[in-house]
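The chain contents come next:
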Amino acid sequence: MTMLTRRRLLQTGAGAGLMLAGASRMAMGQARTLNVTAYGGVWETTIRSCFVAPFEAKTGAKATVSLGSPAQWLAQVEASPAKPPLDVLIMTPDLAITAAQADRMQDFTVEKIPNLAKIPRQFTDACLGKGTYFDYGVAGITYNKKTVPNPPKSFAEFVDRVAAGDFVASVPSITYAVTPIMLIWAMAQALGGSVENVDPFFDAMKKMKKNLLFWSGPNDFFNHLASGEADLGIYFDGRTWNHYDEGATWIDFVNPKEGGALAAVAIQIPKNADPLAFAYLNEVLDAQNQTRFAEVMNYAVTNEDVVYSAKLKPRITPWQQAAFPPYEKIAAVRNGWVDRWNREIGR
Amino acid sequence: MGGFLLSLFVVAFFAFMLAPIVVVVVISFTSAGYAAFPIPGWSLRWFYRIWEYPPFVDAMITSVQVAVLATVLSCVLAIPAALYLTRARSGWADGVTTFLLSPLSVPMIVIGFSSLFFLTWIGIGISFTALVITHTVACLPYVLRTVTAVHRAVPPAYEEAAAILGAGRWATFREVTLPLIRPGIAAGALFSFLTSFDNLPISFFFGSAQTNTLPVVMLSYIENQFDPSIAALSTLQLLLAVICLLAADRIYGIEKMTVAA
């Protein structure tokens, strides 16, 4: 006969309690579907395997992944703020600020998202506390090793050598959304200017204009380099390594010594979204999940506990070595920069 | 000499127009993992990639469904409107025509953005129905314009003769008017289908996991990926357009349709 000891009673009770709690959570989860967002292609499949799968396994809920773009998702939330059609938004840093300022997004706290404690405070502050960054790259100098054996090590050297005709450079045109940050602000800052004074950038563009090409999308840049039309240009580290892994082994990247502009991906939860979104966010910010994401995407992630593989580590530019754009200040003067670009550069 | 220069100009003009399309088609057959021209070798891998990636296939099915439904709805609404407005003598008929054609002069992105807010406000929200409604708004003017153009060229005496000979309104439409305006309907339906199938600015605002169309998924795909599967998809879209045009030419004759357009 089995003796019912106090210890066994407690163990049985605790076990039953956990099972009931688990079953109840599963039952609650099964009735719920979270709508999350992703860019298409490898991004989407990686989001599914690295974040959606562990989220579904832990909560028993389902997550649908909506493909699209940040401006589209924000418009959809704006159209229906009381019942947003999306529960988690992938955002550009400037749109993340716009959404936070419009009070459309929820506050991020460690109580709601325990893994937020492992994310540098600067990334959450950059979203005004209503979001955080989970992935980032750096816009620096990408070059063709065959035609540029000795690449410029800084923005200043880049400008001087392009102006001297040593290279033809491909830089983003003003039609590319991030140009004011990755080019105008980053180069102005590196050449002694600031958000308030971008004259050094426009002076540099005048000096280089005979040897410049403009790209309006990442594929254009790659085509400029692949076809030999350009030798180097301003581009992202992660994208450079993706091209390398796809077979373009002649390509390389250098982070300018002044620091290339940080290009981050923000993540936010709209007000009135399903509270389960915080559980998903916790998976997105989890060190193990982020490590797997980084290995596939060739981009840096933000959890401080992430340890990159030997292959990825040398490719990653630590965010401390990048220039952190003051998005809020830039947003206030951005239209003026675009207007000046159109008048002085025109492409 | 003048004839030679003209021929040279025509050849140069067509080369300039066709070169980018040819480059896209050639890149879609590249064996490389990235889009670059000239290509290092030939392969069908990027066409296989389309079938391998479920969002492309799902979005293609959605795009075809939306395009077909928007085209049918546009015809149902625009053909009766065109028949009436062509023969109407009152002053407001011009106003109604202008109103129905107005989506042509409003940027598509404005139609998409405002429709998102309006349809959400009336409770339809982001759905397949909303997508079809908004695409119909954008496609209707094409059918209206082509049918109006053809019907205007049909002398009213034909319909009057049928009526005098005892044909009712439906019989007149079926036996006289419809055969005469068919090239206009075909041209309008063709433009309508292709406009809807390729539409990005409207579909963009109604994209969701269930309602994404092909252009929205393509845009999202190239945000972070650079492989030539987008060129392969573009080639397929181009092929679809060419097939539609050839079929329409076979059935109605492209000349009649271009007159209508």
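A.B. asks: Teacher, can you tell me more about the overall build of chain A here?
C.D. replies: Helix and strand counts for chain A stand at 13 helices and ten strands. Relative to its full complement of 347 residues, chain A shows a buried share of 50%. Of the contacts made within chain A by residues no fewer than 6 positions apart, 75% connect residues no fewer than 24 positions apart.

A.B. asks: I would appreciate a short explanation of the overall build of chain B in the present structure.
C.D. replies: Helix and strand content of chain B: eleven helices and zero strands. Seen in sequence order, chain B has helices and strands lined up from the N terminus as α-α-α-α-α-α-α-α-α-α-α. Seen through its C-alpha atoms, chain B measures out along the principal axes to roughly 70 × 65 × 30 Å. Of all 261 residues assigned to chain B, the portion counted as buried reaches 38%.

A.B. asks: Where do I start with helix α6 (residues 128-153) of chain B in this structure?
C.D. replies: Residue and element names in this part refer to chain B. End to end, α6 covers 38 Å across 26 residues, agreeing with the expected 38 Å (1.5 Å per residue, within 8%). At Ala138, α6 shows its strongest bend, of approximately 35°, with the proline Pro141 following within four residues. The buried count for α6 comes to 20 of 26 residues, which makes it a mostly enclosed element.

A.B. asks: Is there a simple way to think about the packing of helix α6 (residues 155-163) of chain A against helix α8 (residues 199-208) of chain A in this case?
C.D. replies: For any two helices packed against each other, one specifies the inter-axial angle together with the distance between the axes. All names here are of chain A. It is the contact of α6 with α8, at a shortest axis distance of 8 Å, that shows an interaxial angle of 30°. In terms of their interaxial angle, α6 and α8 are classed as roughly parallel. Of the residues in α8, those touching α6 at Val159, Val162 and Ala163 are Ala204, Lys207 and Met208. For the contact of α6 with α8, the per-class residue count stands at five nonpolar, no polar and one charged.

A.B. asks: Help me understand the packing of helix α3 (residues 54-87) of chain B against helix α8 (residues 169-198) of chain B in this model?
C.D. replies: Residues and elements named next belong to chain B. Where α3 contacts α8, the two axes come as close as 9 Å, and the packing angle between them is 140°. Considering the relative orientation of α3 and α8, their crossing is right-handed. Contacts from Ser63, Val66, Ala67, Ala70, Thr71, Ser74, Cys75, Ala78, Ile79 and Leu83 of α3 reach α8 at Thr177, Ile185, Gly188, Ala189, Ser192, Phe193, Ser196 and Phe197.

A.B. asks: Just checking my understanding: could you explain the confidence of the model for chain A for this structure?
C.D. replies: Detailed reading of the predicted model is not advised wherever pLDDT is low. Of all residues in chain A, 91% have pLDDT values of 70 or greater, and the mean over the chain is 89. Across residues 1-30 of chain A, where pLDDT falls below 50, the model places eight contacts with residues more than four positions away in sequence or in other chains.

A.B. asks: Quick question: what am I supposed to make of the domain arrangement of chain A here?
C.D. replies: When the parts of a complex come together, some accessible area is lost, and that lost area is often taken as the interface size. All names here are of chain A. When its domains are assigned, chain A resolves into domain 1 (29-136 + 263-321) and domain 2 (138-261 + 324-344). Taken over C-alpha atoms, the centre of domain 1 sits 28 Å from the centre of domain 2. Listed by partner, the interface residues are twelve residues for domain 1 and 16 residues for domain 2. The leading source of residues in the side of domain 1 that touches domain 2 is helix α4 (residues 93-101), at three residues. For the side of domain 1 that touches domain 2, a count of residues per class yields six nonpolar, four polar and two charged.

A.B. asks: Would you mind going over the interface of chain B and chain A with me for this structure?
C.D. replies: Across the boundary between the two partners, chain B contributes 29 residues, which contact 30 residues of chain A. With six residues, helix α9 (residues 214-222) of chain B is the largest single contributor of residues to the side of chain B that touches chain A.

A.B. asks: Please clarify how the domain arrangement of chain B should be interpreted in this entry.
C.D. replies: Residues and elements named next belong to chain B. As far as domains go, chain B holds domain 1 (1-43) and domain 2 (54-260). The C-alpha-based centres of domain 1 and domain 2 are spaced at 30 Å. Facing the nine residues of domain 1 at the interface are eight residues of domain 2. Its residues assigned to classes, the side of domain 1 that touches domain 2 comprises six nonpolar, three polar and no charged.

A.B. asks: It is not clear to me how unusual backbone geometry should be interpreted in this structure. Could you clarify?
C.D. replies: Residues apart from glycine generally show negative phi values, whereas peptide bonds are mostly found in trans. Residues and elements named next belong to chain A. Although it is not a glycine, Asp103 adopts a positive phi angle of roughly 60°. Residue position: Asp103 is located in the loop between α4 and α5 (121-125). Asp103 sits in the exposed class, given 11 other C-beta atoms within 10 Å. Even without being a glycine, Asn298 presents a positive backbone phi close to 65°.

A.B. asks: I would appreciate a short explanation of the nonpolar core in the present structure.
C.D. replies: Side chains of a nonpolar character, in soluble globular proteins, are inclined to be buried together. Judged by nonpolar contacts, the single largest core of 163 residues is most densely connected at Ala186, Ala261, Tyr280 and Leu281 of chain A. Ranked by the residues each element gives to this core, the list is headed by α6 of chain B, at twelve residues. In this view, Ala261 of chain A contacts Ala139, Ile181, Met182, Trp185, Ala186, Ala322, Ala323 and Pro325 of chain A; residues no more than four positions away in its chain are not counted.

A.B. asks: It is not clear to me how the pairing of strand β1 (residues 33-38) of chain A should be interpreted in this structure. Could you clarify?
C.D. replies: Consecutive residues of a regular strand have side chains that alternate between opposite faces of the sheet. All names here are of chain A. Counting buried positions along β1 yields five of six residues, so the element is predominantly enclosed. Bridge count between β1 and strand β2 (residues 62-67): six bridges; the pairing is parallel. If you follow Leu34 over to β2, its bridge partner there is Ala63.

A.B. asks: What should I look at first to understand the environment of Ala323 of chain A in this one?
C.D. replies: Residue and element names in this part refer to chain A. Here Ala323 lies in the loop between β10 (300-301) and α13 (327-344). A count of 22 C-beta atoms within 10 Å places Ala323 in the buried class. C-alpha separation for the pair Ala323 and Ala186, spaced 137 residues apart in sequence, amounts to 7.3 Å. Other than its neighbours up to four places away in sequence, Ala323 contacts Ala186, Gln189, Glu258, Gly259, Gly260, Ala261 and Leu262.

A.B. asks: How should I be thinking about the confidence of the model for chain B in this particular structure?
C.D. replies: Across chain B, pLDDT averages 90, with 98% of residues at or above 70. In the predicted assembly, ipTM is 0.84 and pTM is 0.83.

A.B. asks: When you look at the environment of Ser127 of chain B in this model, what are you seeing that I'm missing?
C.D. replies: Residue and element names in this part refer to chain B. Along the chain, Ser127 falls in the loop between α5 (108-121) and α6. For Ser127, a count of 17 C-beta atoms within 10 Å translates into the label partly exposed. Separated by 79 residues in the primary sequence, Ser127 and Phe206 place their C-alpha atoms 6.9 Å from one another.

A.B. asks: What's the story with the environment of Phe253 of chain A in this structure? I'm lost.
C.D. replies: Residues and elements named next belong to chain A. Here Phe253 shows up in strand β8 (residues 251-254). In this structure Phe253 comes out as buried when scored by C-beta crowding, with 24 C-beta atoms within 10 Å. Contacts of Phe253, omitting those with residues within four sequence positions, involve Gly140, Thr142, Asp237 and Thr240.

Rules of the game
Residues numbered from 1 in each chain as written. Chains lettered and ligands numbered in written order. Predicted model: local features only at pLDDT ≥ 70, side-chain atom pairs only at ≥ 80, totals over all residues. Helix = DSSP H or I, 4+ residues; strand = E, 2+ residues; numbered from the N terminus. Buried ≥ 20, exposed ≤ 12 C-beta atoms within 10 Å, placed from the backbone. Contact = placed C-beta atoms within 7 Å. Expected span 1.5 Å × (residues − 1). Bend = angle between axes of the 7 residues up to and from the residue. Axes fitted to C-alpha atoms, helices over the stretch in contact; angles between N-to-C directions. Parallel < 35°, antiparallel > 145°, perpendicular 65-115°, else oblique. Nonpolar A, V, L, I, M, F, W, Y, C, P; charged D, E, K, R; others polar. Left-handed = near helix turned anticlockwise from the far one by under 90°. pLDDT = per-residue confidence, 0-100. Domains from an automatic or database assignment. Core = buried A, V, L, I, M, F, W, Y, C linked by C-beta atoms within 7 Å. Pairing = 2+ DSSP bridges.

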